[in-house]
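# A look at the structure
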Amino acid sequence: MFKFGAFASGGGSNFRSLLSHAEDGTLEGSCEFLIVNNADCGAAQSAKEHGIPVYHISSKTHPNEADYEQALLNVLEEHPVDLVALCGYMKKIPDSFLDKMKDRVLNVHPALLPKYGGKGFYGIRVHQAVIAAGEKESGPTIHLVTSEIDSGRTLAQTKVPVLETDSPEDLAARVLVQEHALFWKTLRDYARSL
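Conventions adopted
- Residues numbered from 1 in each chain as written.
- Predicted model: local features only at pLDDT ≥ 70, side-chain atom pairs only at ≥ 80, totals over all residues.
- Heavy atoms only, no water.
- Pairing = 2+ DSSP bridges.
- Helix = DSSP H or I, 4+ residues; strand = E, 2+ residues; numbered from the N terminus.
- Axes fitted to C-alpha atoms, helices over the stretch in contact; angles between N-to-C directions.
- Phe/Tyr/Trp six-rings, centres within 6.5 Å; stacked < 30°, edge-to-face > 60°.
- Buried < 20%, exposed > 50% of the residue type's maximum accessible area, 1.4 Å probe, protein only.
- Right-handed = clockwise from strand over helix to strand, strands pointing away.
- Contact = heavy atoms within 4.5 Å.
- Polar contact = N/O pair within 3.5 Å; in protein donor to acceptor, adjacent residues only side chain to side chain.
- Salt bridge = Lys/Arg side-chain N within 4 Å of Asp/Glu carboxyl O.

## Some thoughts on the sheet that holds strand 8 (residues 154-157)
- Taking strand neighbours across the sheet as the criterion, the seven strands line up as 3-2-1-4-5-7-8 in an open arrangement whose pairing is mixed. Both edges of this open sheet fall to strand 3 (54-56) and strand 8, since each of them pairs with a single strand only. This sheet shows a mean twist of 20° between the axes of neighbouring strands, independent of strand direction.
- Note: strand 5 (residues 105-109) against strand 7 (residues 141-144), four bridges, orientation antiparallel. Bridging from a neighbouring strand, L106 pairs with L144 of strand 7.

Okay, structure coming up:
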């Protein structure tokens, strides 16, 4: 069984999906910590309900960049893990953290990378851009995190059709279902490959 940590900023549905699969044994892993940059986010509440340590580390708690990076590294030192899962985390991961966890940080992105990735492409903005471009398909990508946003090696993708009647919210909802189905399996399979 592998150990993983998670980062989240919002509601935490991908985080809750990972916890569900960890609890029923299909993920074959256990979550050791959650780092959030928004203390009141839904993911933090879910972690607390499951007895998982939550760390609020942000520019509010650590205005100095060096202190911020060290706080992240301190969590890793206190809770050694095999992998880290970014579950809707809206802040760039510092290079110092990525160096410590080289090729061991996975992110879920709501588009078929390399399209619609990089700075500014997150949340509903991704789905708006996909629809505006007239794409016929979209879907989640699970990729390794590098210092360049959304540019790491793709580990898995699932295609979701873009319907003519789709609003960005409609498309987001269908992609999210596939994110939940794909993320835990990719995390498990990648852990098995290490």
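## Quick look at the packing of aromatic side chains
- One pass over the structure, following the stated rule, counts four aromatic pairs.
- Look at Y116 and F121: their rings are 6.1 Å apart centre to centre, the planes differ by 75°, and that puts the pair in the edge-to-face class.
- Look at Y116 and you get buried, because its relative accessible area is 16%.
- A residue is classified by how much of its surface remains accessible, and F121, at 30% relative accessible area, is partly exposed.

## Things to note about the pairing of strand 5
- Burial within strand 5 is extensive, with five of its five residues counted as buried.
- Here strand 5 shows two buried faces, one formed by V105, N107 and H109 and the other by L106 and V108.
- Taking the sense of rotation as the criterion, the β-α-β connection linking strand 4 (residues 83-86), helix 4 (residues 95-100) and strand 5 turns out right-handed.

## A few points about the side chain of N107
- The topology assignment puts N107 in strand 5.
- If sequence neighbours within four positions are ignored, N107 has contacts with L86, T141, I142, H143, V145, D150 and F183.

## Structural notes on the side chain of E135
- Along the chain, E135 turns up in the loop between helix 5 (124-132) and strand 6 (137-138).
- Separated by 3.0 Å, the side chains of E135 and K115 make a polar contact.
- Within polar-contact distance, the side chain of E135 engages the side chain of Y116 at 2.8 Å.
- Non-local contacts of E135, meaning those with residues more than four positions away in its chain, are made with K115, Y116, V130 and V162.

## Here's the deal with the pattern of salt bridges
- Throughout the structure, instances matching the rule amount to six salt bridges.
- Measuring nitrogen to oxygen at the nearest pair gives 2.6 Å for the salt bridge that ties R192 to E28. Here R192, found in helix 6 (residues 168-193), pairs with E28, found in the loop between helix 1 (13-23) and strand 2 (29-36); they are 164 residues apart in sequence, far enough to count as distant.
- Of the residues examined, E28 reaches a relative accessible area of 30% and is grouped as partly exposed.
- Measuring nitrogen to oxygen at the nearest pair gives 3.5 Å for the salt bridge that ties K159 to E137.

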